[in-house]
Amino acid sequence: MKKAAVAADDDLVEYGYRRVIITITAVLCALLEIVDTTIVNVALTDMRGSLGATLTDVAWVITAYAIANVIVIPMTSWLSQQFGRRNYFVASIILFTVCSFLCGNATNIWELVAFRFVQGIGGGALLVTAQTIITESYPVAKRGMAQAIYGMGVIVGPTLGPPLGGYLVDHYSWPYIFYINIPLGIIATILAISFVRSPKYGEKLKSNQVDWWGIGLLATFIGSLQFVLEHGQQDDWFNDSLITSLSVVTVFGLILFIWRELTYKHPIVNLSVLKDGNLRIGTVMCFILGFGLYGSTLIIPIYTQAILGWTATDAGLLLIPGSITTAMMMPIVGTLIQKGVPQGYMVAVGFLIFFFFTLLMYNNMTPDTGVEHLFWPLILRGIGLGLLFVPITTLSLSTLKGKHIGEGAAFTGMMRQLGGSFGIAIITTFITRFTQEHRVDLIANLDPSKYQVQQRILGMQRNFMSKGFSSNESLQKAYQALDYSVLKQSTVLSYMDIFLYLGILFLCCIPVILLIKKGKHKVDISEAMH
């Protein structure tokens, strides 16, 4: 059996220009999917304006894509087997490209969200399938190299998104962040059809053997959960009947899904791999990593644009030095792992560095912070991410063998995405709550009978009168300006609170990490990346 598997693996190895083209195609597809996760962040403000949507509504543009990714990622290896890898890969690229065009043409926010969801179904497939294709196109000895190329793409992708998105939004308009995928998607489709080959793996399942209930339950409980997280805040959580009923659906959906997958002969997701203790801890860590990674990527562009008044391009460029740092950390971390440095210690140090990053952000945030105060914290974040990304994945998989490695990797990928969705939902909720609390506290200090308050209002009123407004109008505007500065201060204070709590969360992870059993053997990272 083992020899047959090796022969099947070698079957797909490519040489010369074919291998180069396949590598480029796969990295291009992975980049398309990853850049699209973050490119939207800097365009949120413009979308709100042109589509007339609230901040909570517009966050759905990110969330819908993430939900679709999370539903598809666990099913990709199964779908590749059903339809043949090349067909599935090409169909995913086409779906992704067509939906990019439709997203750009959306006329209202919910149309955009619907197309983003379908785009995410195509996109989730690109990520995992691209990884498998790269791995199998290289001979076993060179697979580490293949993963390094892929890993660079995965890490740099999220950071290319914001500056590219910023440039397109500032110089053209937000639909172009979607249109840019079209020519790239067409090129990727042509290359994939011409060069990618399908492996001859296991038998296809007949349609009556397919785990339809599993697919349905997976989509139901993840979709409901996401809706609850997104709309809980604005609909007043469990005082709203829809939120309450969907929460019940989530809990029962999850229980039924677990029961179904454990009892069915051909499960869509193999849950038995979670018997491995390291994988269990690793999936939790991946969840927290996603939480901090996507959460801080959401806050920083909103803070720099809404509070500091930066352009979208500047907000995006701010994140670049940090991710270059992460990309540079990847080979260093790889070498350390090969030399046998315990990964648990690296992850613990990574979480500690992330804690210092959040502490610096907490201390440096004001309504007029300069770029020099944000530069070093973000470099720190880059170093922390580098120390977390690869070690957490390899640590989770260190005690798994054979095909379980691929199934374990699907879990870690899914949990990272889910962590991101939870992070975005919980953070937007707390920003709203904290801002209200701080606003109430600050307004309590603005007593109109106080001399300083009277002087401030008088000064502002005179300022407006000097611009040609009448006395009453100027007084009105002075009150508005004061109210705006209170709102600005309370928003900054709420962002500071979020960073502080994120930091405490990372600090609490360190003892958990040190509980992990050491893997008996080294993981072949190329297998882990399936």
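Along each chain, residue indices are assigned from 1 in the same order as the chain's sequence is written. Local features in this predicted model are restricted to residues whose pLDDT is 70 or higher, and side-chain atom pairs enter the listing and the counts only when it is 80 or higher, whereas totals over whole chains, interfaces and linings include all residues. Based on all heavy atoms of the structure, the side-chain values leave hydrogens and waters out of the count.

Colleague: Explain the confidence of the model for the protein chain to me, please; I cannot follow it from the model alone.
Modeller: Where the model shows low pLDDT, its predicted coordinates should not be examined in detail. What pLDDT conveys is the predictor's confidence in a given residue, as a value from 0 to 100. When pLDDT is averaged along the protein chain, the result is 78, and 86% of the positions lie at 70 or above. This stretch, residues 1-9, has a pLDDT under 50; its non-local contacts, to residues over four places away or in other chains, come to four contacts. Any pair of residues with heavy atoms lying within 4.5 Å of one another is described as a contacting pair. For residues 525-530, every residue scores under 50 in pLDDT, and the model assigns this stretch 21 contacts once sequence neighbours within four places are set aside.

Colleague: How do you make sense of empty space enclosed by the protein when you look at a structure like this?
Modeller: Any empty space left between atoms is shown by rolling a water-sized probe over those atoms. In this analysis the probe radius is 1.4 Å and the grid spacing 1 Å, with only protein atoms considered; a cavity is a set of points the probe fits into but cannot get out of, a pocket is an open set with protein on both sides within 12 Å along at least five of seven lines, and lining residues have an atom within 4 Å of a point. Grid points are joined across faces, edges and corners, and a volume is the space filled by probe spheres set on the points. The full count for this structure, using the stated rule, is three cavities of 30 Å³ or more. Considered as a void within the structure, the second largest cavity measures approximately 100 Å³ in volume. What lines the second largest cavity is Thr37, Thr38, Asn41, Ile62, Ala66, Tyr294, Thr297, Leu298, Gln417, Gly420, Ser421 and Ile424. Secondary-structure elements contributing two or more residues to the lining of the second largest cavity are α2 (16-38), α4 (55-72), α13 (277-307) and α18 (403-444). Among the elements that line the lining of the second largest cavity, the one with the most residues is α18, at four residues. Residues belonging to the lining of the second largest cavity are distributed by class as follows: five nonpolar, seven polar and no charged. Runs of H or I in DSSP of at least four residues are treated as helices and runs of E of at least two as strands, each being numbered from the N terminus. Nonpolar residues are Ala, Val, Leu, Ile, Met, Phe, Trp, Tyr, Cys and Pro. Charged residues are Asp, Glu, Lys and Arg, and all others, Gly as well, are polar.

Colleague: Got a minute to help me understand the packing of aromatic side chains in this structure?
Modeller: Describing an aromatic ring pair means giving the distance of the ring centres and the angle of the ring planes. Aromatic contacts are taken between Phe, Tyr and Trp rings whose centres are within 6.5 Å, Trp giving its six-membered ring; a plane angle under 30 degrees counts as stacked, one over 60 as edge-to-face, and the others as tilted. Under the counting rule described, the total for this entry stands at 16 aromatic pairs. With a centroid separation of 5.2 Å and 65° between ring planes, the pair formed by Phe287 and Phe422 is classed as edge-to-face. Of this pair, Phe287 sits in helix α13 while Phe422 sits in helix α18, and the two are 135 residues apart along the sequence. On the basis of relative accessible area, Phe422 is assigned to the buried category, the value being 18%. Three or more aromatic residues joined by ring pairs make a cluster, and in this case those are Phe351, Phe354, Phe357, Phe499 and Phe506. Type-normalised accessible area, obtained with a 1.4 Å probe on protein chains alone, sets the label of each residue: buried when under 20%, exposed when over 50%, and partly exposed for intermediate values.

Colleague: Got a minute to help me understand the side chain of Ser224 in this structure?
Modeller: Considering the arrangement of structural elements, one finds Ser224 in helix α11 (residues 212-231). For Ser224, a relative accessible area of 8% gives the class buried. A polar side-chain atom of Ser224 sits 2.7 Å from the main-chain carbonyl oxygen of Thr220. Residues contacting Ser224, with those up to four places away along its chain left out, are Leu246, Val249 and Thr250. Under the rule applied, a polar contact is a pair of N or O atoms within 3.5 Å (in protein, one hydrogen donor and one hydrogen acceptor; residues adjacent in sequence only if both atoms are side-chain atoms).

Colleague: Could you clarify how one ought to interpret the nonpolar core in this entry?
Modeller: Burial of nonpolar side chains together is a common tendency in soluble globular proteins. Membership of the largest hydrophobic core comes to 126 residues, with the highest contact counts inside it found for Val40, Met47, Leu112, Ile177, Phe351 and Met365. By residue number, the principal contributor to this core is α13, which donates 13 residues. We call a set of buried Ala, Val, Leu, Ile, Met, Phe, Trp, Tyr and Cys residues a nonpolar core when their side-chain atoms join them within 4.5 Å. By size, the runner-up hydrophobic cluster in this structure holds five residues, among which are Val453, Ile457, Ala478 and Leu482.

Colleague: Any chance you could explain the layout of surface pockets here in plain terms?
Modeller: One number sums up the size of the second largest pocket: a volume of about 600 Å³. Considering the residues around the second largest pocket, the lining is formed by 23 residues, among which Arg48, Leu55, Ile431, Thr491 and Tyr495 are closest to the centre. Of all the secondary structure elements, the ones that give two or more residues to the lining of the second largest pocket are α3 (44-51), α4, α13, α18 and α20 (471-513). With six residues, α18 is the largest single contributor of residues to the lining of the second largest pocket. Residues that form the lining of the second largest pocket fall into these classes: nine nonpolar, twelve polar and two charged.

Colleague: What should I look at first to understand the packing of helix α6 (residues 85-104) against helix α10 (residues 181-195) in this one?
Modeller: Axes are the key here: two packed helices are described by the angle between their axes and the distance separating the axes. One way to put it is that α6 packs onto α10 with a least axis distance of 9 Å and a crossing angle of 165°. It follows that α6 is roughly antiparallel to α10 by the angle criterion. Between α6 and α10 the crossing geometry is left-handed. Residues Arg86, Phe89, Val90, Ile93, Ile94, Phe96, Thr97, Ser100 and Phe101 of α6 touch α10, and the partners they reach there are Asn181, Ile182, Gly185, Ile186, Ala188, Thr189, Ala192 and Ile193. Only the contacting stretch of a helix is used when fitting its axis, a line to C-alpha atoms as for every element, and angles between N-to-C directions run 0 to 180 degrees. Each angle gets one of four labels, with under 35 degrees taken as roughly parallel, over 145 as roughly antiparallel, 65 to 115 as roughly perpendicular, and the rest as oblique. Working rule for handedness: look at the near helix, and if it is turned counterclockwise from the far one by less than a right angle, call the crossing left-handed; if clockwise, right-handed.

Colleague: Help me understand the packing of α3 against α4, please; the structure alone is not making it clear to me.
Modeller: For the pair α3 and α4, interaxial distance at closest approach is 10 Å and the crossing angle is 120°. Put simply, α3 runs oblique to α4. Two packed elements cross with a definite hand, and for α3 against α4 that hand is right-handed. Here α3 contributes Leu44, Met47 and Arg48 to the contact with α4, which in turn contributes Leu55, Val58, Val61 and Ile62. Partitioning the contact of α3 with α4 into residue classes produces six nonpolar, no polar and one charged.

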